[in-house]
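What the coordinates show
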Amino acid sequence: RGKGADGGGGGGLLVSADSLVKGDGREYCIGAASVLAKVFRDRIMEHYDARWPGYGFAQHKGYPVPAHKGAVHRLGPCPVHRWSYAPIKHMTIDLD
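Residues numbered from 1 in each chain as written. Predicted model: local features only at pLDDT ≥ 70, side-chain atom pairs only at ≥ 80, totals over all residues. Heavy atoms only, no water.

With respect to the overall build of the chain
For clarity, the threshold we go by: Only DSSP runs of H or I reaching four residues or more are called helices, and only runs of E reaching two or more are called strands; each is numbered from the N terminus. Note on classification: 1.4 Å probe, protein chains only; a residue is buried when its accessible area is under 20% of the maximum for its type, exposed when over 50%, partly exposed between these limits. Note on contacts: a residue pair is in contact if any heavy atoms of the two residues lie within 4.5 Å.
Scanning the chain from N- to C-terminus turns up 5 helices and 2 strands. Of the regular secondary structure in the chain, the N- to C-terminal order runs β-β-α-α-α-α-α. In the chain, buried positions account for 24% of the 96 residues. Taking the intrachain contacts of the chain between residues at least 6 apart in sequence as the baseline, contacts between residues at least 24 apart amount to 12%.

Structure (structure tokens):
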């Protein structure tokens, strides 16, 4: 049996894999990997919340909810913000 990856498109994987739409619901191993990835991400977000308070990382886990967007506009982006993300990339930031 081959390797599977959740999603509709390949790309970025270092091994060959079949891309399965809704793969996390079709294959137990993909579903388990999805759960592990989310738990790992949530723990990282809790660490980020302690390191960069005010953004609410522990509450929204990095999703662009209104409270987080407001914090970014109020505080500016921090080092963990993805600068390639269009709303961050196009912000005017006063470095003075």
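Details of the side chain of H81
This is how the line gets drawn: By the criterion applied in these results, polar contacts are pairs of N or O atoms within 3.5 Å in which, for protein atoms, one can donate a hydrogen and the other can accept it, and in which residues neighboring in sequence qualify only through two side-chain atoms.
Turning to its location among the elements, H81 is positioned in the loop between helix 4 (66-75) and helix 5 (86-89). Judged by its relative accessible area of 9%, H81 is buried. Here H68 takes part through its side chain, which lies 3.1 Å from a polar atom of the side chain of H81. Within polar-contact distance, the side chain of H81 engages the backbone nitrogen of C78 at 2.9 Å. Look past the residues within four positions of H81 in its chain and what remains in contact with it is Y55, F57, H68, V72 and I88.

Details of the nonpolar core
Quick reminder of the rule: Only buried residues count toward a nonpolar core. Its members are Ala, Val, Leu, Ile, Met, Phe, Trp, Tyr and Cys residues joined through side-chain atoms within 4.5 Å.
M45, W52, Y55, F57, A71, V72, C78, I88 and M91 together form the largest nonpolar core, which totals 9 residues. If we skip the residues at most four places from it in the chain, C78 touches W52, Y55, F57 and W83.

Describing the pattern of salt bridges
To keep things clear, this is the line we draw: Any carboxyl oxygen of Asp or Glu within 4 Å of a side-chain nitrogen of Lys or Arg constitutes a salt bridge here.
The full count for this structure, using the stated rule, is 1 salt bridge. Of the charged contacts, one joins R41 and D42 as a salt bridge, the two residues approaching to 2.9 Å between their closest N and O atoms. Owing to a relative accessible area of 22%, D42 belongs among the partly exposed residues under this scheme.

Notes on the environment of A71
One can find A71 in helix 4. Placed 15 residues apart in sequence, A71 and G56 show a C-alpha to C-alpha distance of 8.0 Å.

Thoughts on the confidence of the model for the chain
Basically, it comes down to this: pLDDT is a per-residue confidence score from the predictor, ranging from 0 to 100.
The pLDDT averaged across the chain works out to 81; a share of 76% of its residues lies at or above 70. At the level of individual helices and strands, the chain shows its lowest average pLDDT in strand 1 (residues 4-6), which scores 56, and its highest in helix 3 (residues 57-60), which scores 94.

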